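Examination of the molecular architecture
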Amino acid sequence: MRMVDLIEKKRDGEPLTTEEIQFIVEGYTEDSIPDYQVSALLMAIYFQGMTEKERADLTMAMASSGDQIDLRAIGGIKVDKHSTGGVGDTTTLVLGPLVAAAGVPVAKMSGRGLGHTGGTVDKLEAVAGFHAEITNEQFIALVNKNKLAVIGQSGNLTPADKKLYALRDVTATVNSIPLIASSIMSKKIAAGADAIVLDVKTGAGAFMKTLEDSKELAQAMVNIGNNIGRKTMAVISDMSQPLGFAIGNALEVKEAIDTLKGEGPEDLTELCLVLGSHMVYAAGRADSLEAARQMLITIIHNGEALQKFKVFIEAQGGDSSIVDHPDKLPQAKYKIELPAKEDGWVAEIVADHVGTAAMWLGAGRTTKDSDIDLAVGIQLNKKIGESVKSGESLASIYSNSEENEQVIEQLYRSILLSKEKVQPPVLIHGEITG
Ligand code: URA
Ligand code: CA
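Residues numbered from 1 in each chain as written. Chains lettered and ligands numbered in written order. Predicted model: local features only at pLDDT ≥ 70, side-chain atom pairs only at ≥ 80, totals over all residues. Heavy atoms only, no water.

Per an unreviewed UniProt entry, the protein chain goes by Pyrimidine-nucleoside phosphorylase and derives from Bacillus lumedeiriae. Turning to the protein chain, the UniProt annotation filed under Cofactor (unreviewed entry) states: "K(+)". Word for word, the UniProt comment on the protein chain under Function (unreviewed entry) is "Catalyzes phosphorolysis of the pyrimidine nucleosides uridine, thymidine and 2'-deoxyuridine with the formation of the corresponding pyrimidine base and ribose-1-phosphate." (UniProt positions renumbered as here; feature names shortened; annotations may be inferred.)

Shown next, in the form of structure tokens:
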């Protein structure tokens, strides 16, 4: 097989075969095919697209390019949740214990990563002693025992995707639905779940800014999952404003605890119930989505969800007394309020700008090796649609620096008031099943 012939084929709009896609992905991973040829192929894909079969083949080829976790030793249907990323998205911290308490085995592989805040593993490390560096055997044993464990992402998960993503980044080919969908799905497949519930975000703080693009990406991922034999569905949820109130690592752990107690923000609670119901249903633990939802509400109110969180934290070395004493979580030195300058209604909270402010405080990494400050972040006190009186605090800034002018200005630019009453945004924009 010659790479030049495959580029030509794709350039002219002909689909590639399973063997051809395998050849390209293997060749690129082991450096026998150079960047310039793969760049040309990516650009051809960008313009010509990929068939459903090509997308499934690319996903499988990337999933098998490195380590894959074998979860067969765990009983039951393992369901994974994946979010396409937003600002202050605390759902994973809530959903793990919540659906585990409903009997769904949750074997969660999670990364650190770049962004406005740390990844799930960073957030959990706000709990003293907690660690996700466990062996695969410990991981599987913990899921079998407690129905929930979190393991740090293997450095050798989908190396083909890592290389291709980096190349796409510098060849203006990131923004291709077939390439994004297979990139995301390859990591989910390598992480071993039987069924996948996708939370595709839409709006200013999301990777996909328009509803149309978000739906197209969701449909593409759902099709890939179902075509390769993993039951997959997607919820399209709002990210025009940050989810919940907290954006920051320790702040989000506290927010997750509140939500598991039934005292969390309305939007975060509702999204967790929607995603959680799909997870419970996909795992065969309830006969309908409505029954699954009722089960989750019961589990929150009878304390089982919170108890599961404690057991999970302790099993991975963490101090579970933070659940009853959240002041034991890392605390920032300064808390600065952001008073409203006039009366009105909150009209906009531009999610990615608020996220950037949280990153400036130190809540997220700017480069792969930078440190994050687990204590800092932003707590919104108002969400879109709420009325505000002049002088009332719009948000609280948790900082470890005396210099916060830049963050304050950024937040005033991000939280916009209107003189007229504003409706809160719709939280769930759609659901896509196979
Ligand atoms: N996230 C991914 O993991 N891959 C993409 O291609 C885009 C976003
Ligand atoms: Ca949040």
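1. Focus: the coordination of the calcium ion (ligand 2)
Distances from the calcium ion (ligand 2) to its protein donors, namely Gly 88 (O), Thr 90 (OG1), Leu 243 (O), Ala 246 (O) and Glu 255 (OE), fall within the range 2.3 to 2.7 Å. Here the donor residues of the calcium ion (ligand 2) are spaced in sequence according to G-x1-T-x152-L-x2-A-x8-E. Ala 246 carries the same exposure label as Leu 243, and that label is buried. (Donors = N, O, S within 2.8 Å, 3.2 Å for Na, K, Ca; no water. Buried < 20%, exposed > 50% of the residue type's maximum accessible area, 1.4 Å probe, protein only.)

2. Some remarks on the nonpolar core
One finds Val 253, Phe 309 and Ile 378 to be the most contacted residues of the largest nonpolar core, which totals 85 residues. Of all the elements, helix 12 (residues 266-282) adds the most residues to this core, at nine residues. (Core = buried A, V, L, I, M, F, W, Y, C linked by side-chain atoms within 4.5 Å. Helix = DSSP H or I, 4+ residues; strand = E, 2+ residues; numbered from the N terminus.)

3. A word on a nonpolar patch on the surface
Judged by side-chain polarity, Met 43, Tyr 46 and Phe 47 come together as a nonpolar surface patch covering roughly 310 Å² of accessible area. Relative to the helices and strands, Phe 47 is located in helix 3 (residues 35-48). (Patch = residues over 30% accessible without salt bridge, like charges linked within 9 Å, V, L, I, M, F, W, Y side chains within 5 Å. Areas by Shrake-Rupley, 256 points an atom, 1.4 Å probe, with all protein chains shown as cover. Salt bridge = Lys/Arg side-chain N within 4 Å of Asp/Glu carboxyl O.)

4. Digging into unusual backbone geometry
Of note, the phi angle at Asp 31 is positive, near 70 degrees, even though the residue is not glycine. Here Asp 31 is to be found in the loop between helix 2 (18-29) and helix 3. Despite not being glycine, Thr 158 has its phi angle at roughly 40 degrees, a positive value. Following the sequence through the fold, Thr 158 ends up in the loop between strand 3 (148-152) and helix 8 (159-169).

5. Remarks on the packing of helix 11 (residues 249-260) against helix 14 (residues 304-315)
Look at helix 11 against helix 14: their axes get within 8 Å of each other, and the N-to-C directions meet at 140 degrees. What the angle tells us is that helix 11 and helix 14 run oblique. For the pair formed by helix 11 and helix 14, the contact residues are Val 253, Ile 257 and Leu 260 on the first element and Ala 305, Leu 306 and Phe 309 on the second. (Axes fitted to C-alpha atoms, helices over the stretch in contact; angles between N-to-C directions. Parallel < 35°, antiparallel > 145°, perpendicular 65-115°, else oblique. Contact = heavy atoms within 4.5 Å.)

6. Quick word on the sheet that holds strand 9 (residues 377-380)
Taking strand neighbours across the sheet as the criterion, the four strands line up as 6-9-11-7 in an open arrangement whose pairing is antiparallel. Across the chains shown, the open sheet's two edge strands, defined by having one partner strand only, are strand 6 (246-248) and strand 7 (334-339). Looking at each pair of strands side by side, their axes are set apart by 15 degrees on average, direction ignored. Bridge count for strand 6 against strand 9 is three bridges, and the pairing is antiparallel. Looking at strand 9, one finds that Ala 246 is bridged to Gln 379. Contacts between helix 11 and the sheet are confined to strand 6, strand 9 and strand 11 (393-399), with strand 6 contributing the most and set at about 140 degrees to the helix. Along the sheet, helix 16 (residues 405-414) makes contact with strand 7, strand 9 and strand 11, crossing strand 7 at roughly 35 degrees. (Pairing = 2+ DSSP bridges.)

7. Some details on the site of ligand 1
Residues in close proximity to ligand 1 include Tyr 165, Arg 168, Ile 180, Ser 183, Ile 184, Lys 187 and Phe 207, which together make up its full environment. One of the side-chain nitrogen or oxygen atoms of Ser 183 is found 2.6 Å away from a nitrogen atom of ligand 1. In this structure, Lys 187 approaches ligand 1 through a side-chain N or O atom, which is 2.5 Å from an oxygen atom. The element that contributes the greatest number of residues to the shell around ligand 1 is helix 9 (residues 177-190), accounting for four residues. (Near = heavy atom within 4 Å. Polar contact = N/O pair within 3.5 Å; in protein donor to acceptor, adjacent residues only side chain to side chain.)

8. Overview of the sheet that holds strand 12 (residues 415-418)
Taking strand neighbours across the sheet as the criterion, the three strands line up as 10-8-12 in an open arrangement whose pairing is antiparallel. Both outer strands of the open sheet, strand 10 (387-388) and strand 12, are each paired with one neighbouring strand and no more. Strands strand 8 (344-349) and strand 12 of the sheet are contacted by helix 16, whose axis makes an angle of about 40 degrees with strand 12.

9. Overview of the environment of Lys 368
On the secondary structure map, Lys 368 appears in the loop between helix 15 (351-361) and strand 9. Residue classification places Lys 368 among the exposed positions, given a relative accessible area of 66%. Measuring from C-alpha to C-alpha, the distance between Lys 368 and Arg 112 comes to 9.1 Å, with 256 residues separating the pair along the chain.

10. Overview of a negative patch on the surface
A cluster of acidic side chains, namely Glu 402, Glu 403, Glu 405 and Glu 409, defines a negative patch on the protein surface. Within the secondary structure, Glu 409 sits in helix 16. (Lys, Arg positive; Asp, Glu negative; His and termini not counted. Charge placed at Lys NZ, Arg CZ, Asp CG, Glu CD.)

11. Let's talk about the UniProt feature "domain: Pyrimidine nucleoside phosphorylase C-terminal" (unreviewed entry) in the protein chain
The residues that UniProt annotates with the feature "domain: Pyrimidine nucleoside phosphorylase C-terminal" (unreviewed entry) are residues 345-418. Each end of residues 345-418 is marked by a C-alpha atom, and these two atoms are 5 Å apart; helix forms 28% of the span and strand 30%.

12. Some words on helix 13 (residues 289-301)
In this model helix 13 runs 19 Å from its N-terminal to its C-terminal C-alpha over 13 residues, within 8% of the 18 Å that 1.5 Å per residue would give. Along helix 13, the positions that sit buried rather than exposed are Ala 292, Leu 296, Ile 299 and Ile 300. Buried residues of helix 13, viewed axially, fall in a sector of 100 degrees; they line one side. Buried residues belonging to helix 13 abut helix 5 (91-101), helix 11, helix 12 and helix 14. Just downstream of helix 13, Gly 303 is the residue with a positive phi angle, here 85 degrees. (Expected span 1.5 Å × (residues − 1). Arc of directions from axis to C-beta.)

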